[in-house]
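Take a look at the letters that make up each chain.
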Amino acid sequence: MFKFLNLTPSRIKDLLLIFSLSISIFLVFRHPQAPLSIAITAPSSSPTRRHHLLFSIACSSNSFSRRSSYIRLWYTPRATRAVAFLDKPLSSSSDPTLPPTIVSGDTKSFPYSFPGGLRSAIRVARVVKEAVNRNETGIRWFVFGDDDTVFIVDNLVKVLSKYDHNKWYYVGSNSESYEQNLKYSFDMAFGGGGFAISYSLGKVLARVLDSCLVRYAHLYGSDARIWSCLAELGVVLTHEPGFHQVDMRGNFFGLLTSHPLSPLLSLHHLDAMEPLFPNMNKTQALEHFFKAVNVDSSRSLQQTVCYDRFNQLTVSVAWGYAIQVYEGNQLLPDLLSVQKTFSPWKRGSNVEAHFMFNAREFPRDSCKRPLVFFLESVVSDKNFVWSNYTRYSDGNCPRTNAIKKLKKVRVVSEKVELDIDQERKRVTKVSYIVSLEPGPVQQISSMFSVLFVLECREARIHNSKPLVNVYSSSQEAYAPTTVEHIVFGIASNDNSWPNRKEYVKLWWKPRQMRGCVFLETMPPNTTSTDDDNTTLPPICISEDTSRFRYTFRGGLRSAIRVARVVLETIALNHSNVRWYVFGDDDTVFFPENLARTLSKYDHQLWHYIGSVSEIFEQNRVFGFGMAFGGAGFAISYPLAKVLAKVFDSCIERYPHLYGSDSRVYSCLTELGVGLTREPGFHQFDVRGNAFGLLAAHPMTPLVSLHHMDHVDPIFPNMTAMKAVEHLFQAANVDSQRLLQQTVCYDRWFSWTISVSWGYAVQIHGKHMYLPDVLPVQESFRQWKRGPFLAGVYNFNTREFHPDPCLRPIVFFLDSVSSGRNKIQSVYKQHYENCTVYLGSPRRLQEIRVSTKKLELNYKQATRRQCCDVLPSTSGELLDLEIRECREDELIYMH
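About the thresholds
- Residues numbered from 1 in each chain as written.
- Predicted model: local features only at pLDDT ≥ 70, side-chain atom pairs only at ≥ 80, totals over all residues.
- Heavy atoms only, no water.
- Helix = DSSP H or I, 4+ residues; strand = E, 2+ residues; numbered from the N terminus.
- Buried < 20%, exposed > 50% of the residue type's maximum accessible area, 1.4 Å probe, protein only.
- Contact = heavy atoms within 4.5 Å.
- Areas by Shrake-Rupley, 256 points an atom, 1.4 Å probe, with all protein chains shown as cover.
- 1 Å grid on protein atoms, 1.4 Å probe; cavity = no way out; pocket = protein on both sides within 12 Å on 5 of 7 lines; lining within 4 Å.
- Points joined across faces, edges and corners; volume = space filled by probe spheres on them.
- Nonpolar A, V, L, I, M, F, W, Y, C, P; charged D, E, K, R; others polar.
- Phe/Tyr/Trp six-rings, centres within 6.5 Å; stacked < 30°, edge-to-face > 60°.
- pLDDT = per-residue confidence, 0-100.
- Core = buried A, V, L, I, M, F, W, Y, C linked by side-chain atoms within 4.5 Å.
- Domains from an automatic or database assignment.
- Axes fitted to C-alpha atoms, helices over the stretch in contact; angles between N-to-C directions.
- Parallel < 35°, antiparallel > 145°, perpendicular 65-115°, else oblique.
- Left-handed = near helix turned anticlockwise from the far one by under 90°.
- Pairing = 2+ DSSP bridges.
- Polar contact = N/O pair within 3.5 Å; in protein donor to acceptor, adjacent residues only side chain to side chain.

## Points about the overall build of the protein
No. 1: For the protein, the count of helices and strands is 28 helices and 42 strands.
No. 2: For the protein, the proportion of its 894 residues judged to be buried stands at 57%.
No. 3: For the protein, restricting intrachain contacts to residue pairs at least 6 apart in sequence, the fraction spanning at least 24 positions comes to 69%.
No. 4: Of the accessible surface of the protein, which amounts to about 39,700 Å², a share of 52% is contributed by carbon and sulfur atoms.

Quick look at the structure:
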């Protein structure tokens, strides 16, 4: 006989949970035949390992046997997953020390029309599709390279761990050679340096690759084809400087001894270089280098500089490769520049001998060079790594007694445990101070010196109690960054402020923002009831800087006062600060985008964020690693507090520099911090018509604009100030979408339509390839007259036709309105006296663009959106709708 259960609400809930669990278990075991891919089901927190990467190597039967020694350096059977793709089978049997080989599919049906090129570029491009279609399980990343690409696999695994493999990522780097980027693209991952594509993106790319390749018969290489097809999918390159195309020849010593503060990921063009170590052939030298890589790959080539005060020596360590000893004190920023020991990739070009990094001359006289010690051996135990370096003979050069008899150097270090959260930002935890052991060095007759590589002491400051306790709770510390967390330091002067303050009024929000405008003296007739007090930042008076030296001939010593704006802004001691942001009085910030951009980074770590100039020459002169002050830059709170302590003593070492931003950069360099580039900051070192730059903005939020007094009004029939104010009408409605470029194709009229949202719409009267639409039109003039390099830029450009009637038709923003579910922006035609014919886009008077508000997700790479041409009721009106692209939707001409 059964008793009835007493069904209380609590028991009913338990029964329902048990029933739900039973159903779940049944469903799991009912359909075991179709499990999800490991790459999809693996939680994002699961660390990426070697077996999650599939390396696909493009080879030929002629080169494979000759270059197999390169592959053996990094390929480990059973531990590394790799496949070599060949044009035809090998005559010899398979080698167990090399990856398995596969003969690529036939590509005769694909057109190839590049004059003098190799149609094998199509076969190599299709390696991407063939690798994905192998359907190997557990893949998170597809990695591609050539048979002379040497990968540092463990470093690559760690770097790719920063990115979510379930999202779309295309990770690589461009060339070191300016001309190679100019010729092919600044936005393309060069295939020899290697590149990675996330699993989720690779699956989609493989489905559309063949149809896409047909459109690009006119391109030269395989990497240009891959980039073009990824561009049609709306994907842009995520730049990682550890991939090295190495487009240069000869002696790579200078490049290897000044590696950037990022892990070494790859080396290429090894056939074009001399052996890395003296008295060895190329293969022996690379095997010798890998002895250090296999012990501590994260530290390989990381540059460390120390100063021996007793003997007045400067020591630069490129760990695992070479040590250079300079007589006398050398300024740190100078040592970080690459010595030009190599020759250009090609001869005969105006820019071929120029590179995308800071460079310095390598003295022809060997006695004027530093003393060099090359790696001899590496040993390690649980706690330390000992690397030994032997002196390279420099003939009978006169040397000081301190190093005359020095024959060997031993470096003692702890193994680097790379913190991915910090590495990308180039913070001090991957920079090191080297201290010379007092005993052996002070004994001048000694033939042996020991260096201890230690983590920078100040690098630990972000873990100290005062900094953590800035926030009332951990929940508040990790809440999204807003403009309330930012303190601004604006550099101005008595002469410019009366006019330039109108720019600041455009973006300053008195009730939300904190900071100061720094002047030499208080403006006359300033009262507490002045209207400016409610619409502008408060005015702070800069301290006297007469005690500091300034020796740059023809420069302005006000650069010292402006540099100290950093120190004086930090000294304001505001509470609950995450970021200090600095700019000029004509720097126009877009605050919401600035806060969004800074939200990507952990404000409790050391970060220096900004961008370089648009002009190659400006970067060559002042630095590829410096944030230009007019564009604005950001410094995280803990880094700023440390910088403030050392700033005055530091700038005393740099009286010879021209500008304020160079001084800030130099002092941050001395703290071991490198620049994290954010392309939304714009120095705007151009003059005249800036239309081309604004209409082809990179796929990142617009953070700042500068030099607006030096360019024409960005909208016709307006003053410069009114034009920027008009742009803010769109920014105030959808700041994240502002200037984001969307391209669509009108099939009926064969038009190509480019929308730079919130600014302008262009209509080309013909279909154009998407990669041809994206480059910047050179509508502007160069910043300075003179040398050829003053007119070359760090981005892809195309002609701005001198005849307005041969340019695309431009429609400028007229108005923006927002409703509950959509935003509509209206653009009116900018008239030119040109012929109008039936079917011409010049018949249009107005374009209406409908969108939803853009909410960017910084945890994944940004994808360009798609747009549709909608049916219109009038021949003078064109309606467009911008929307998210479907998964495998391409943006291409039909």
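Having seen the model, we can carry on.
## Some thoughts on empty space enclosed by the protein
No. 1: Counted under the stated rule, the structure contains five cavities of 30 Å³ or more.
No. 2: Each pocket or cavity is described by its volume, and for the second largest cavity that value is around 120 Å³.
No. 3: Looking at the lining of the second largest cavity, the elements that each hand over two or more residues are β22 (486–491), α20 (558–563), α21 (565–570), β25 (579–584) and α25 (660–670).
No. 4: Here the residues of the lining of the second largest cavity are counted per class, giving eight nonpolar, four polar and two charged.

## Here's the deal with the packing of aromatic side chains
No. 1: The full count for this structure, using the stated rule, is 47 aromatic pairs.
No. 2: Ring centres 5.8 Å apart and planes at 70 degrees place the aromatic pair Tyr 321 and Phe 374 in the edge-to-face group. Residue Tyr 321 is found in the loop between β12 (313–318) and β13 (322–327), and its partner Phe 374 is found in strand β17 (residues 371–380); the two are separated by 53 residues along the sequence. Residues Tyr 321 and Phe 374 agree in their burial class; the two are buried.
No. 3: Through pairs of rings, three or more aromatic residues link up here, namely Phe 253, Phe 277, Tyr 321, Phe 374 and Tyr 392.

## A short note on the environment of Val 733
No. 1: Along the chain, Val 733 falls in helix α27 (residues 720–734).
No. 2: Residues in contact with Val 733, not counting those within four places in the same chain, are Val 816, Ser 818, Ile 823 and Lys 853.

## Considerations on the confidence of the model for the protein
No. 1: Looking at the protein as a whole, the pLDDT averages 88, with 86% of positions reaching at least 70.
No. 2: Across residues 423–447, confidence stays below pLDDT 50; counting only partners more than four residues off in sequence or on other chains, it has 88 contacts.

## Here's the deal with the nonpolar core
No. 1: Ranked by size, the top nonpolar core spans 81 residues in total, and within it Phe 488, Trp 507 and Tyr 759 carry the most contacts.
No. 2: Mapped onto the domain boundaries, this core takes at least three residues apiece from domain 3 (483–677) and domain 4 (715–883).
No. 3: Residues Phe 151, Leu 160, Leu 301 and Phe 355 belong to the second largest nonpolar core, which totals 77 residues.

## Some words on the packing of helix α24 (residues 637–651) against α25
No. 1: In the contact formed by α24 and α25, the axes pass within 9 Å of each other and the chain directions differ by 110 degrees. The angle between α24 and α25 places the two elements in the roughly perpendicular class. The crossing of α24 and α25 is right-handed. In this structure, α24 contributes Leu 639, Leu 643, Phe 647, Cys 650 and Ile 651 to the contact, and α25 contributes Arg 663, Val 664, Cys 667, Leu 668 and Glu 670.
No. 2: Of the residues belonging to the contact of α24 with α25, the class tally is eight nonpolar, no polar and two charged.

## Brief notes about the sheet that holds β25
No. 1: Pairing is mixed across the open sheet formed by seven strands, whose spatial order is β24-β23-β22-β25-β28-β27-β29. Taken across any chain shown, the strands that pair with only one partner, and hence form the sheet edges, are β24 (539–541) and β29 (676–677).
No. 2: One ladder, built from five bridges, connects β22 with strand β23 (residues 514–519); its direction is parallel. Bridging across to β23, Ile 490 finds its partner in Val 517.

## Digging into the side chain of Gln 736
No. 1: Examined against the element boundaries, Gln 736 turns out to sit in the loop between α27 and β32 (741–746).
No. 2: Classification of Gln 736 as buried rests on a relative accessible area of 6%.
No. 3: Within polar-contact distance, the side chain of Gln 736 engages the backbone nitrogen of Leu 856 at 3.0 Å.

## What to know about the packing of helix α8 (residues 199–213) against helix α9 (residues 222–232)
No. 1: Where α8 meets α9, the axes come as close as 10 Å, and the angle between the chain directions of the two elements is 110 degrees. Regarding the angle of α8 to α9, the classification is roughly perpendicular. Along the contact surface, α8 presents Leu 201, Leu 205, Leu 209, Cys 212 and Leu 213, while α9 presents Arg 225, Ile 226, Cys 229, Leu 230 and Glu 232.
No. 2: Of the residues belonging to the contact of α8 with α9, the class tally is eight nonpolar, no polar and two charged.

## Some details on unusual backbone geometry
No. 1: Even without being glycine, His 269 reaches a positive phi, approximately 55 degrees.
No. 2: Tracing the chain through its elements places His 269 in the loop between β10 (266–267) and α11 (282–293).
No. 3: Although it is not a glycine, Asn 573 adopts a positive phi angle of roughly 55 degrees.

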